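# Structural overview for review
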Amino acid sequence: MPENRLILTFDSGLGGLTVYRELALLLPQTRRIYLADDAAFPYGRLSEDVVVARVMDVLGAAFRIVEPDVVVIACNTASTAVLPHLRELYPRIDFVGTVPAVKPAAEQSRGGLITVLGTSGTVRRDYTHGLIRDHAAHCDVTLVGSETLASLAEQYAHEPDDKGDAFDDALIAELAPCFIEQNGRRTDHIVLACTHYPLLRERLEKLAGTRIGWPVSFVDPAPAIARRVEYVLGLRRSEAHDRCGPEAPQVWTSSGKVDDLSRRLFASYGLEFSPEFSFPFEQD
Ligand code: DGL
């Protein structure tokens, strides 16, 4: 694979880092930009139409600066709404989405009781309901939409060590509805259908084993997404283009700014903030 392949990873905030980490591990020779639409975070509270328009606008602005080979939409809330629009408008770019991992959870579940935990936007989407119809018809699927878990995950990613009981109580309130007992069966798989949630994974696993429910398997599709990107890049014809992006991995934010906590977090993923991009969010 040529060295100058550019992968742009996109999310509303810090959640896409859980996908970015796998990409950087699997494809260290690529050029990489991480783009966070922090000005519009969180997407979960926005209507589907607003998410589609916003993602199209932000990525359109990014594509005026660089021409990626692959764009990873590392956000379920966006992927379940915007992928067909992006593919139609930008046929030269490959888009890899992140959608709820219903299929592997349904295949791996022994008792047939699984939960999909996502933003309220993601659990409302027709796309998500279609995945359940197509891949989990033999299971009982509980959908749990959270308004706050993505923001809690950002707080935790910034400062994991200063989180005490009140923080755990807030997590428990979001997670408790995921645990179902029915006719002697219990939920055995919880799909983390928001890329922010694996940032909390250790904490969620601990709480599931102690203060809520029982131990379950949390399903995170990030490693599978990285393998998909590797496959897609391998299929692309080698094309020389001059907007192939920075040599060292960069992070762009739509606010055009980054605070110290985020700067440090990005640095721990090998990403350096560049102020060359900004795209404000104006809501009526
Ligand atoms: N990381 C996102 C997802 O996978 C969205 C979180 C948000 O912006 O509400 O759904």
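Notes on the structure in this doc start here. (Residues numbered from 1 in each chain as written. Predicted model: local features only at pLDDT ≥ 70, side-chain atom pairs only at ≥ 80, totals over all residues. Heavy atoms only, no water.)

### Section: the layout of surface pockets
The line we're drawing: In the cavity and pocket records, a cavity denotes points on a 1 Å grid over the protein atoms alone where a 1.4 Å probe fits but cannot get out, a pocket denotes an open set with protein on both sides within 12 Å along at least 5 of 7 lines, and lining residues are residues with an atom within 4 Å of a point. Grid points are joined across faces, edges and corners, and a volume is the space filled by probe spheres set on the points. Under the DSSP-based scheme used, a helix requires at least four consecutive residues in state H or I and a strand at least two consecutive residues in state E, with every element numbered from the N terminus.
What the largest pocket holds in volume is close to 520 Å³. Residue lining of the largest pocket: 22 residues in total, with Gly97, Val99, Pro221, Ala224 and Ile225 positioned closest to the centre. Those elements that place two or more of their residues in the lining of the largest pocket are helix 3 (76-89), strand 4 (94-97), helix 4 (102-108), helix 6 (126-135) and helix 10 (222-235). For the lining of the largest pocket, the element with the most residues is helix 10, which contributes five residues.

### Concerning unusual backbone geometry
Note the threshold: Burial here depends on accessible area, computed with a 1.4 Å probe over protein chains only, as a share of the maximum for the residue type. Under 20% is buried, over 50% is exposed, and the range in between is partly exposed.
Cis geometry is found at the peptide bond from Phe41 to Pro42, where omega equals 0°. Here Pro42 is to be found in the loop between strand 2 (31-36) and helix 2 (48-63). Although it is not a glycine, Asn183 sits at a positive phi angle of roughly 45°. Take Asn183: its relative accessible area is 74%, and that puts it in the exposed class.

### Overview of the side chain of Thr30
What counts here: Polar contact is the term for a pair of N or O atoms within 3.5 Å; when the atoms are in protein, one must be able to donate a hydrogen and the other to accept it, and sequence-neighboring residues count only if both atoms are side-chain atoms.
The topology assignment puts Thr30 in the loop between helix 1 (17-26) and strand 2. Among the polar contacts listed, one links the side chain of Thr30 to the backbone oxygen of Leu27, at a separation of 2.6 Å. Here the side chain of Thr30 touches Arg32 through a polar contact of 3.0 Å, side chain to side chain.

### Quick word on the site of the ligand
Basically, it comes down to this: One heavy atom within 4 Å of a molecule or strand is enough for the residue carrying it to be called near that molecule or strand. Calculation of accessible area relied on Shrake-Rupley with a 1.4 Å probe; when residues are assessed, cover is drawn exclusively from the protein chains displayed. Just a note on the criterion: a molecule sits in a pocket or cavity if more than half of its atoms are within 2 Å of the grid points.
As a structural note, the neighbourhood of the ligand is formed by 14 residues, with Ser12, Tyr43, Asn76, Thr77 and His196 the closest of them. Ser12 is positioned with one of its side-chain polar atoms (N or O) 2.6 Å from an oxygen atom of the ligand. Interatomic distance of 2.5 Å between a side-chain N/O atom of Thr77 and an oxygen atom of the ligand. Coverage of the ligand by the protein amounts to 99% of the 300 Å² it exposes when considered alone. Structurally, the ligand is housed in the largest cavity.

### Comments concerning the packing of helix 1 against helix 10
Short version of the rule: What counts as an axis is a line fitted to C-alpha atoms, over the stretch in contact for a helix, and the angles between N-to-C directions run from 0 to 180 degrees. Oblique is the label for any angle not covered by the other classes, which are roughly parallel (under 35 degrees), roughly antiparallel (over 145) and roughly perpendicular (65 to 115). Here a crossing is called left-handed whenever its near helix is offset anticlockwise from the far helix by less than a right angle, and right-handed whenever the offset is clockwise. Contacts: residue pairs with any heavy atoms within 4.5 Å of one another. When residues are grouped by polarity, Ala, Val, Leu, Ile, Met, Phe, Trp, Tyr, Cys and Pro land in nonpolar, Asp, Glu, Lys and Arg in charged, and all others, Gly among them, in polar.
Helix 10 packs onto helix 1 with a crossing angle of 50° between their chain directions and a minimal axis gap of 8 Å. Judged by the inter-axis angle, helix 1 sits oblique to helix 10. Both helix 1 and helix 10 take part in a crossing whose hand is right-handed. Where helix 1 abuts helix 10, its residues Thr18, Val19, Glu22, Leu23 and Leu26 lie against Ala222, Pro223, Ile225, Ala226, Arg227, Val229 and Glu230. The residue makeup of the contact of helix 1 with helix 10, split by class, is eight nonpolar, one polar and three charged.

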